[in-house]
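# Coordinate analysis (summary)
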Amino acid sequence: MSELHVLSVEGLPEVEEGAALGELVAARAAIEPGDVLVISQKVVSKAEGRLRRLSSVIPGAKARKLAAVLGKEPALVELIFEESTEVLRAEGSVLIVETHHGFVCANAGIDSSNVPGDDTVCLLPEDPDASARRIRKEIVGFVVEREPRLPLDLGVVISDSFGRAWRLGQAEVAIGCAGLMPLDDWRGRADAFGKKLEATQIAIADEAAAAADLARSKNNNVPAVILRGLSSFVIAEDGPGAQTLRRSREEDLFR
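Structure report, in brief. Predicted model only: the values in this text are computed from it and were never measured.

## Re the overall build of the chain
When helices and strands are counted, the chain shows 6 helices and 12 strands. Rg of the C-alpha trace for the chain: 19 Å, near the compact-globule value of 18 Å for 255 residues, within the 12% margin. Overall, the chain is about 60 × 50 × 25 Å in size when its C-alpha atoms are taken along their principal axes. Split into buried and exposed, the 255 residues of the chain put 44% on the buried side. A separation threshold of at least 6 residues defines the contact pool for the chain, and within that pool the share at least 24 residues apart is 62%. Accessible area of the chain: about 13,800 Å², with a carbon and sulfur share of 51%. The average position of the 30 basic charges and that of the 40 acidic charges among the side chains of the chain differ by 3 Å.

The structure is reproduced here in structure tokens:
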């Protein structure tokens, strides 16, 4: 029987710009070959200097106009515009956009929770897959330096909470990953009754992100979790990243 162990990484300090996240995690967790590290987008963004003060943002006329309609801070709306390629919905107090990464989400993923100060917001990493590759490299380097004989295949997932269009509540998804198969493609394979599967692709990286979130909360200052039991999906190379999980515009039935 397969088992999945979910282990929170305790004792991480408040992350500041320039921090080597991989080394911080590796120094506090007994990482084993085949483990998957799931780390929150917020600390990745902090390490990469992606915090902005709203008071430093000058909103344009378009941002001020939409902010008045939505009841949002004009400077926040201006930042959302800067981080987006297209506004998809602007109704009530909700602003759904497509980001430069291709994510469809509220407020371009900009968030003010778990950041210092009332005037500060956190932007998504510029390239979450590159961030995941860097963190993976830092961890492997840290561990191998201390245990040179230990081969270390490791998966890294950067997670963020997204809403779901047809369901209430938020769930964690992978916005970046490295060393992990993001999709397990079952198309053409048989189910338990021998029937050929036609459309099934399991979002492994998203499911890993969601599983990790069960071992932490929004107020316990635990941004990193180790998943043990997913080694069959961990790969030696960095892999294609979480961008693989994006549905192309041509396949999007709702735009």
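## Examining the pattern of salt bridges
One pass over the full model with this rule turns up 17 salt bridges. Two residues, Glu-82 and Arg-52, come together in a salt bridge whose shortest N-O distance is 3.9 Å. Here the residue Glu-82 occupies a position in helix H4 (residues 74-82), and Arg-52 occupies one in strand E3 (residues 51-53), the gap between them amounting to 30 residues. Judged by relative accessible area, Glu-82 falls into the partly exposed class, the value being 36%. Close ionic contact of Asp-185 with Arg-187 constitutes a salt bridge, the shortest N to O distance being 2.7 Å. Residue Asp-185 is classed as partly exposed on the basis of its relative accessible area, which comes to 32%.

## Section: the packing of aromatic side chains
If you walk through the whole model with that rule in mind, you get 2 aromatic pairs. Their ring planes at 80° and their centres at 6.1 Å tell us that Phe-103 and Phe-162 sit as a pair that is edge-to-face. Here Phe-162 lies in strand E8 (residues 155-164) and Phe-103 lies in the loop between strand E5 (94-99) and strand E6 (104-106), a separation of 59 residues in the sequence. The class for Phe-103 is buried, based on a relative accessible area of 7%. Over the aromatic face of Phe-81 sits the side chain of Lys-62, whose NZ or CZ is 4.9 Å from the ring centroid.

## Brief notes about the packing of helix H3 (residues 61-70) against H4
What describes two packed helices is the angle between their axes and the distance between those same axes. H4 packs onto H3 with a crossing angle of 120° between their chain directions and a minimal axis gap of 8 Å. Between H3 and H4, the interaxial angle falls into the category oblique. H3 and H4 meet at a crossing whose hand is right-handed. Across from Lys-62, Ala-63, Arg-64, Leu-66 and Ala-67 in H3, the residues of H4 making contact are Pro-74, Val-77, Glu-78 and Phe-81. Across the contact of H3 with H4, the residue classes break down as 6 nonpolar, no polar and 3 charged.

## Comments concerning the sheet that holds strand E9 (residues 167-178)
Strands sit in the order E1-E12-E2-E8-E9 across an open sheet of 5 strands; the sheet is mixed. The open sheet has two edge strands with one neighbour each: strand E1 (5-8) and E9. Between one strand and the next, the sheet's axes are offset by a mean angle of 30°, whatever the strand orientation. Note: E8 against E9, 9 bridges, orientation antiparallel. Across the sheet, the residue bridging to Ser-161 is Glu-172, located in E9. This element, helix H6 (residues 204-213), spans E1, strand E2 (36-40), E8, E9 and strand E12 (224-228) of the sheet and lies at about 115° to E9.

Conventions used here
Residues numbered from 1 in each chain as written. Predicted model: local features only at pLDDT ≥ 70, side-chain atom pairs only at ≥ 80, totals over all residues. Heavy atoms only, no water. Helix = DSSP H or I, 4+ residues; strand = E, 2+ residues; numbered from the N terminus. Rg over C-alpha atoms; globule rule 2.2 N^0.38 Å. Buried < 20%, exposed > 50% of the residue type's maximum accessible area, 1.4 Å probe, protein only. Contact = heavy atoms within 4.5 Å. Areas by Shrake-Rupley, 256 points an atom, 1.4 Å probe, with all protein chains shown as cover. Lys, Arg positive; Asp, Glu negative; His and termini not counted. Charge placed at Lys NZ, Arg CZ, Asp CG, Glu CD. Salt bridge = Lys/Arg side-chain N within 4 Å of Asp/Glu carboxyl O. Phe/Tyr/Trp six-rings, centres within 6.5 Å; stacked < 30°, edge-to-face > 60°. Lys NZ or Arg CZ within 6 Å of the ring centre and 35° of its normal. Axes fitted to C-alpha atoms, helices over the stretch in contact; angles between N-to-C directions. Parallel < 35°, antiparallel > 145°, perpendicular 65-115°, else oblique. Left-handed = near helix turned anticlockwise from the far one by under 90°. Nonpolar A, V, L, I, M, F, W, Y, C, P; charged D, E, K, R; others polar. Pairing = 2+ DSSP bridges.

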